[in-house]
Amino acid sequence: SHLVALGVRSYLGVPLLGAQGDTLGHLAVLDRRPMREDPRGETIFALFANRARVELERLRAEALLARAREDLELRLASTRQDLDLAYGELQALLEINQSSTRHLRRDDLFAALARCVRPLLPSERFGIEVPTGPETLRVH
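So, a few notes on the structure that sits alongside this text.

The rules behind the values
- For every chain, the first residue of the written sequence is number 1, and numbering continues from 1 onward in sequence order.
- With the structure being a predicted model, the display of local features is reserved for residues of pLDDT at least 70 and the display and counting of side-chain atom pairs for 80 or more, all residues being used for whole-chain, interface and lining totals.
- The side-chain values count all of the structure's non-hydrogen atoms but skip hydrogen atoms and water molecules.
- A run of H or I in DSSP counts as a helix once it spans at least four residues, and a run of E counts as a strand once it spans at least two, with each numbered from the N terminus.
- Using a 1.4 Å probe on the protein chains alone, a residue whose accessible area is under 20% of its type maximum counts as buried, one over 50% counts as exposed, and one in between counts as partly exposed.
- Two residues qualify as a contact provided that any one of their heavy atoms is within 4.5 Å of a heavy atom in the partner residue.
- Computed by Shrake-Rupley with a 1.4 Å probe, the accessible areas treat only the displayed protein chains as cover when residues are assessed.
- By the convention used here, strands pair only if DSSP detects at least 2 bridges between them.
- We define a salt bridge as a side-chain nitrogen of Lys or Arg found within 4 Å of a carboxyl oxygen belonging to Asp or Glu.
- For patch detection, residues must exceed 30% relative accessible area and be free of salt bridges, and they are connected within 9 Å for like charges or within 5 Å for nonpolar side chains (Val, Leu, Ile, Met, Phe, Trp, Tyr).
- The definition of a polar contact used here is a pair of N or O atoms within 3.5 Å, where within protein one atom must be able to donate a hydrogen and the other to accept one, and adjacent residues in sequence count solely through side-chain atom pairs.

Focus: the overall build of the chain
For the chain, the helix and strand inventory stands at 3 helices and 4 strands. Listing the helices and strands of the chain from first to last along the sequence gives α-β-β-α-α-β-β. Split into buried and exposed, the 140 residues of the chain put 14% on the buried side. Long-range contacts, defined as pairs at least 24 residues apart, comprise 38% of the intrachain contacts of the chain with a sequence gap of at least 6. Of the roughly 11500 Å² that the chain leaves accessible, carbon and sulfur atoms contribute 57%.

So this is what it looks like as structure tokens:
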């Protein structure tokens, strides 16, 4: 084992248990000589272990908080994007409604509809195709 390779003859170690009882890590002291029992030293060691546990839990809580903040920022950005899209769709619907109430000729109406929808669906060409019986009217 690694301890044998290091020449370790004695150690003092304690698990660092979190508030939920999970093991966060271990704190250990290794020595190449046998350690003698020292209740006072063990008490001090336990105090250091407790302080290390508190620090690990603080770091873990900060990491969780940072992840939650990043998640919230992503959600807000997505919501903002959805709201921008919804606003654009509302604007297009209003413009379509206004175009249809101006009693435009059919060709002008479809051209106005295409102009209203084009900002929502950017493309090189945009058209509306409406069957009119044996022939089809196309507006681009």
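Some details on the pairing of strand β2 (residues 23-31)
Here strand β1 (residues 10-17) pairs with β2 via 8 bridges, running antiparallel. Looking at the pairing, G13 lines up with A28 of β2. Linking two consecutive strands that pair antiparallel, namely β1 and β2, is a turn of 5 residues; a positive phi of about 90 degrees is found at G21 within it.

Quick look at the pattern of salt bridges
Across all of its chains, the model carries 7 salt bridges by this definition. For R33, the salt bridge is made with D31, and the minimal N-O distance between the two is 3.8 Å. Relative accessible area serves as the criterion here: at 22%, D31 is assigned to the partly exposed category. Taking the shortest distance from any N to any O, the salt bridge between R58 and E62 comes out at 2.4 Å. Pair noted here: R58 and E62 are both in helix α2 (residues 39-101), with a separation of 4 residues, about one helical turn. On the basis of relative accessible area, R58 is assigned to the partly exposed category, the value being 36%. It is possible to trace a salt-bridge network through shared partners that takes in R51, E55, R58 and E62.

Brief notes about a nonpolar patch on the surface
The grouping of L3, L6, Y11, V29, L30 and M35 at the surface amounts to a nonpolar patch, some 540 Å² of accessible area in total. Of all the secondary structure elements, the ones that give two or more residues to the nonpolar patch are α1 (2-6) and β2. Relative to the helices and strands, L3 resides in helix α1. For L3, a relative accessible area of 36% gives the class partly exposed.

Things to note about the side chain of S10
Residue position: S10 is located in strand β1. At 2.6 Å, the side chain of S10 and the backbone oxygen of R33 are in polar contact. Each residue touching S10, except ones within four places of it in the same chain, is listed here: V29, L30, D31, R33, P34 and M35.

Focus on the environment of A52
Note that A52 resides in helix α2. Here A52 falls in the partly exposed class, since its relative accessible area comes to 24%. Along the primary structure A52 and L27 are separated by 25 residues, whereas in three dimensions their C-alpha atoms are 8.2 Å apart.

What about the side chain of R53?
Here R53 is to be found in helix α2. A polar side-chain atom of R53 sits 2.8 Å from a polar atom in the side chain of N50. The residues contacting R53, other than those within four sequence positions of it, are L16, L17, G18 and L24.

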